[in-house]
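Each chain, letter by letter, is given below.
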Amino acid sequence: NAGVTQTPKFRVLKTGQSMTLLCAQDMNHEYMYWYRQDPGMGLRLIHYSVGEGTTAKGEVPDGYNVSRLKKQNFLLGLESAAPSQTSVYFCASSYLTFQETQYFGPGTRLLVL
Amino acid sequence: GENVEQHPSTLSVQEGDSAVIKCTYSDSASNYFPWYKQELGKRPQLIIDIRSNVGEKKDQRIAVTLNKTAKHFSLHITETQPEDSAVYFCAASKGDSSYKLIFGSGTRLLVRP
């Protein structure tokens, strides 16, 4: 039981490049989330999904897209990376609601030059 | 929109002393308040949560209190140990139908041996 995993662990991009971050969970959770963590700003929700085939915007969705084609996977895409997207990205999942334990992945550190 | 303020941003205590971290929220309809601990370089992990129908919850050395009238909640750690050193995040659920979590900016706790 691996829990929540993320790939890659670290990535450097040039402004304007695109990339996809992959999150996978093996706990049969319905809810999945993408957060970004910046110094002094806590965790901010980018997008989330309440089940396979669904996605919804969080608090800071601009510049990101997501997809959840399979229940266990949640992908975060950056179509045209900007320096403001330099951050640590955490994926998380929970069983049925926001209001229960969210299990976080190990994080992806992204640097946009 | 919903806002969660967390204080202090840094806290240094002597081993064995108590530590208190406070959060205030703005949405009176918030009803779920978790606390997450993030050790250096690690993922956030839930340590305790409280729902609006109770005023206090304890789990060994940690406790959370909730004052709905004043819209604030606090984390109390007694008999602190060096392994309690970490960043602690509070969160509150939004009062709309999404129940998304809004996180505070974090408190860095240092326990001096």
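Model, not experiment: these values are computed from the prediction.

This next bit is on the overall build of chain B. When its secondary structure is counted, chain B shows zero helices and 11 strands. Over its C-alpha atoms chain B spans a radius of gyration of 14 Å, differing by no more than 12% from the 13 Å that the globule rule assigns to 113 residues. Once the C-alpha set of chain B is aligned to its principal axes, its extents read approximately 45 × 30 × 20 Å. Element-wise, carbon and sulfur atoms account for 46% of the exposed surface of chain B, whose accessible area totals about 5600 Å². Looking at chain B, you have 14 positive and 13 negative side-chain charges, and the mean spots of the two groups are 4 Å apart.

What follows is about the interface of chain A and chain B. It is common to report an interface's size as the accessible area lost on association of the parts. Of the residues lining the interface, 21 residues belong to chain A; the matching set on chain B comes to 20 residues. Between chain A and chain B lies a buried interface of about 1700 Å² when both sides are counted; carbon and sulfur atoms form 54% of it. Salt-bridge contacts for Glu59 of chain A lead to Lys100 of chain B; the nearest nitrogen and oxygen are separated by 3.4 Å. The interface formed by chain A and chain B contains eight residue pairs in polar contact (both at pLDDT 80 or more).

Under the definition given, this model contains 15 aromatic pairs over all chains. Their ring planes at 85 degrees and their centres at 5.7 Å tell us that Tyr31 of chain A and Phe98 of chain A sit as a pair that is edge-to-face. Of this pair, Tyr31 of chain A sits in strand β4 (residues 31-37) while Phe98 of chain A sits in the loop between β9 (87-94) and β10 (103-104), placing them 67 residues apart in sequence. Assigned by exposure class, Tyr31 of chain A and Phe98 of chain A land together as buried. Residues Tyr33 of chain A and Tyr35 of chain A carry aromatic rings whose centres are separated by 6.1 Å and whose planes lie at 35 degrees to one another, so their mutual orientation is tilted. Tyr33 of chain A sits in the buried class, given a relative accessible area of 0%. By relative accessible area, Tyr35 of chain A is classed as buried at 0%. Cluster of aromatic residues (ring-pair linked, three or more members): Tyr31, Tyr33, Tyr35, Tyr48, Phe90, Phe98 and Phe104 of chain A together with Tyr36 and Phe103 of chain B.

On to the sheet that holds strand β6 (residues 56-59) of chain B, then. Through backbone hydrogen bonds, the strands of a sheet pair up, either in parallel or in antiparallel fashion. Residues and elements named next belong to chain B. Pairing in this open sheet of five strands is antiparallel, and the strands run β1-β3-β8-β7-β6 from one edge to the other. In this open sheet, the two strands that pair with only one neighbour each are β1 (4-7) and β6. The sheet shows a mean angle of 15 degrees between the axes of neighbouring strands, direction not considered. In this sheet, strand β3 (residues 19-25) lies alongside β1 in antiparallel orientation, the contact comprising four bridges. Counterpart to Glu5 in the pairing with β3 is Thr24.

The next thing to look at is the pairing of β6 of chain B. All names here are of chain B. As paired elements, β6 and strand β7 (residues 62-67) share four bridges and run antiparallel to each other. Within the sheet, the bridge partner assigned to Lys58 lies in β7 and is Ala63. Where β6 folds back on β7, the antiparallel hairpin that results is connected by two residues, among which Gln60 adopts a positive phi of roughly 55 degrees.

Reading the values: the criteria
Just so you know, the residues in each chain are numbered from 1, in the order the chain's sequence is written. Chains carry letters from A onward and ligands carry numbers from 1 onward, assigned in written order. Confidence filtering applies because this is a predicted model: local features only for residues at pLDDT of at least 70, side-chain atom pairs given and counted only at 80 or more, and all residues used for totals across whole chains, interfaces and linings. Where side-chain values are given, they derive from all heavy atoms of the structure, hydrogens and water being excluded. Think of it this way: any DSSP run of H or I at least four residues long counts as a helix, any run of E at least two long counts as a strand, and we number them from the N terminus. As defined in this context, the radius of gyration uses C-alpha atoms, and a globule is described by 2.2 Å times the residue total to the power 0.38. Note that accessible areas follow from Shrake-Rupley with a 1.4 Å probe, and for residues the cover is restricted to the protein chains shown. All tallies of charge rest on Lys and Arg as positive and Asp and Glu as negative; His and the ends of each chain are not included. Every charge is mapped onto a representative atom, which is NZ of Lys, CZ of Arg, CG of Asp or CD of Glu. In this analysis, two residues are considered to be in contact whenever any of their non-hydrogen atoms come within 4.5 Å of each other. Here the quantity called buried area is the total loss of accessible area, with a 1.4 Å probe, experienced by two parts when brought into contact, counted for both. Each salt bridge in this description consists of a side-chain nitrogen of Lys or Arg and a carboxyl oxygen of Asp or Glu lying within 4 Å of one another. A 3.5 Å cut-off defines polar contacts: any pair of N or O atoms within that distance qualifies, except that in protein one atom must be a possible hydrogen donor and the other a possible acceptor, and neighbouring residues in sequence count only when both atoms are side-chain atoms. A pair of aromatic rings is counted whenever rings of Phe, Tyr or Trp (Trp by its six-membered ring) have centres within 6.5 Å, and the orientation is called stacked for planes under 30 degrees apart, edge-to-face for over 60 and tilted otherwise. Categorising residues by exposure relies on relative accessible area from a 1.4 Å probe, with only protein chains included: less than 20% of the type maximum marks a residue as buried, more than 50% marks it as exposed, and the intermediate range marks it as partly exposed. In this scheme, strands are said to pair when DSSP sees at least two bridges between them. As a rule, the C-alpha atoms of each element are fitted with a line to give its axis, helices using only the stretch in contact, and angles between N-to-C directions run from 0 to 180 degrees.

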